[in-house]
Amino acid sequence: MIQIAIEGPGGAGKSTVAKALAKSLGIVYVDTGALYRTVGVAALSRGLDTKDAAALESLLPEIEIDVRFENGVQSVYLNGENLGDRIRTPEASMAASNVSAIPAVRAFLLDTQRRIAQKNHVVMDGRDIGTVILPDAPVKIFMTASPEARARRRTLELREKGMEVRYEDVLREMNERDAQDSGRAIAPAIPAADAVMLDNSDLDIDGTVDAVIAVMKEKLGEDVIDEMKGLSKL
Ligand code: DC
């Protein structure tokens, strides 16, 4: 199976590019953040402190997480229930970030992620895919852009959702989050030694997808790529 890991800090456009790439190639886009969000919501719904490692450890045997792909779209089920947009609220984001720093939670989600990548060609978007989950992935992209470019994109995204935000505040918070994510003790959000760094400060989505495909061709060879469904459309 072909495994493409796409990682990087917030606002670098990982999910947008990974989704577009997977669609073009006709392969599965895996949003691993959704798994951490689901565990976070499971903890919140039981009234747990999402930073309490012992509480999370005792929660894990009670939950079953199932990832399904329906019409090419990923859905995550918690004990048989699709939580939908409940994993996208600000509370869920914070809960996901908290539980993702707990080693037992990362260990719990490891097999789920690896199983998906064993059964499907994947474009997997996350924080520790190239370093921990799929260390042998032949294509690892660490997508970055200048803090200013990322903050500009994030500011536009939030304003499109109707939120009144100041660019300066978004930039400051983004810099703080970057430092925290890349500095955490377990599975820090850092590039794998064999990752290709892709700075897309001056590229749009199509340009970034093209740059990823150029890396894929170099790493996998044209033949393998040509065999992949849908590539002729690119
Ligand atoms: O990508 P996202 O915003 O949906 O991720 C939610 C949180 O989960 C984020 O704070 C970091 C964490 N996460 C992680 O630690 N490892 C991953 N592979 C994916 C997400």
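Preceding this paragraph is the structure being described.
Definitions and cut-offs
Residues numbered from 1 in each chain as written. Predicted model: local features only at pLDDT ≥ 70, side-chain atom pairs only at ≥ 80, totals over all residues. Heavy atoms only, no water. Near = heavy atom within 4 Å. Polar contact = N/O pair within 3.5 Å; in protein donor to acceptor, adjacent residues only side chain to side chain. Areas by Shrake-Rupley, 256 points an atom, 1.4 Å probe, with all protein chains shown as cover. Helix = DSSP H or I, 4+ residues; strand = E, 2+ residues; numbered from the N terminus. Nonpolar A, V, L, I, M, F, W, Y, C, P; charged D, E, K, R; others polar. Buried < 20%, exposed > 50% of the residue type's maximum accessible area, 1.4 Å probe, protein only. Pairing = 2+ DSSP bridges. Salt bridge = Lys/Arg side-chain N within 4 Å of Asp/Glu carboxyl O.

This part is about the site of the ligand. Taken together, Thr32, Gly33, Tyr36, Arg37, Ala96, Ser97, Ser100, Arg106, Gly126, Arg127, Asp128 and Arg184 form the complete shell of residues around the ligand. At a separation of 3.1 Å, an oxygen atom of the ligand approaches a polar side-chain atom of Arg127. In the complex, 87% of the free accessible area of the ligand, which totals 450 Å², lies under the protein chains. Mapped onto the shell around the ligand, the elements with two or more residues apiece are α2 (33-45) and α4 (90-99). Examining the composition of the shell around the ligand, we find that 3 residues originate from one element, α2, more than from any other. A class-by-class count of the residues in the shell around the ligand yields 2 nonpolar, 5 polar and 5 charged.

In this section: the pairing of strand β6 (residues 122-126). Of all the 5 residues making up β6, 5 are buried; the element is thus mostly covered by neighbouring parts of the structure. Taking every second residue as pointing to the same face, both faces of β6 are buried, with Val122, Met124 and Gly126 on one and Val123 and Asp125 on the other. Bridge analysis of strand β1 (residues 3-7) against β6 gives 5 bridges, and the strand direction is parallel. The partner of Gln3 across the bridge, within β6, is Val122. In this sheet, β6 lies alongside strand β2 (residues 28-31) in parallel orientation, the contact comprising 4 bridges. Following the sheet pairing, Val28 is matched in β6 by Val122.

A few words on the pattern of salt bridges. Opposite charge on two side chains makes pairing possible when the charged atoms of those side chains draw close. Inspection of the entire model under this criterion finds 11 salt bridges. For Arg46, the salt bridge is made with Glu62, and the minimal N-O distance between the two is 3.6 Å. In this pair, Arg46 is assigned in the loop between α2 and α3 (53-59) and Glu62 in the loop between α3 and β3 (65-70), connecting sequence segments 16 residues apart. Of the charged contacts in the structure, one is a salt bridge between Lys140 and Asp194, with a shortest N-O distance of 2.9 Å. Separated by 54 residues along the polypeptide, Lys140 in strand β7 (residues 139-144) and Asp194 in the loop between α8 (167-183) and β8 (196-199) bring together distant segments of the chain. Looking at Lys140, the relative accessible area reads 4%, which means it is buried. Looking at Asp194, the relative accessible area reads 44%, which means it is partly exposed. One continuous salt-bridge network, built from bridges that share partners, spans Arg166, Glu168, Asp169 and Arg172.

Moving on, we get to the pairing of β7. Counting buried positions along β7 yields 6 of 6 residues, so the element is predominantly enclosed. Here β7 shows two buried faces, one formed by Val139, Ile141 and Met143 and the other by Lys140, Phe142 and Thr144. When β1 meets β7, the two strands line up parallel, connected through 4 bridges. Within the sheet, the bridge partner assigned to Ala5 lies in β7 and is Lys140. Taken together, the 4 bridges between β7 and β8 define a ladder with parallel strand orientation. Bridge pairing in β8 places Met143 opposite Leu198.

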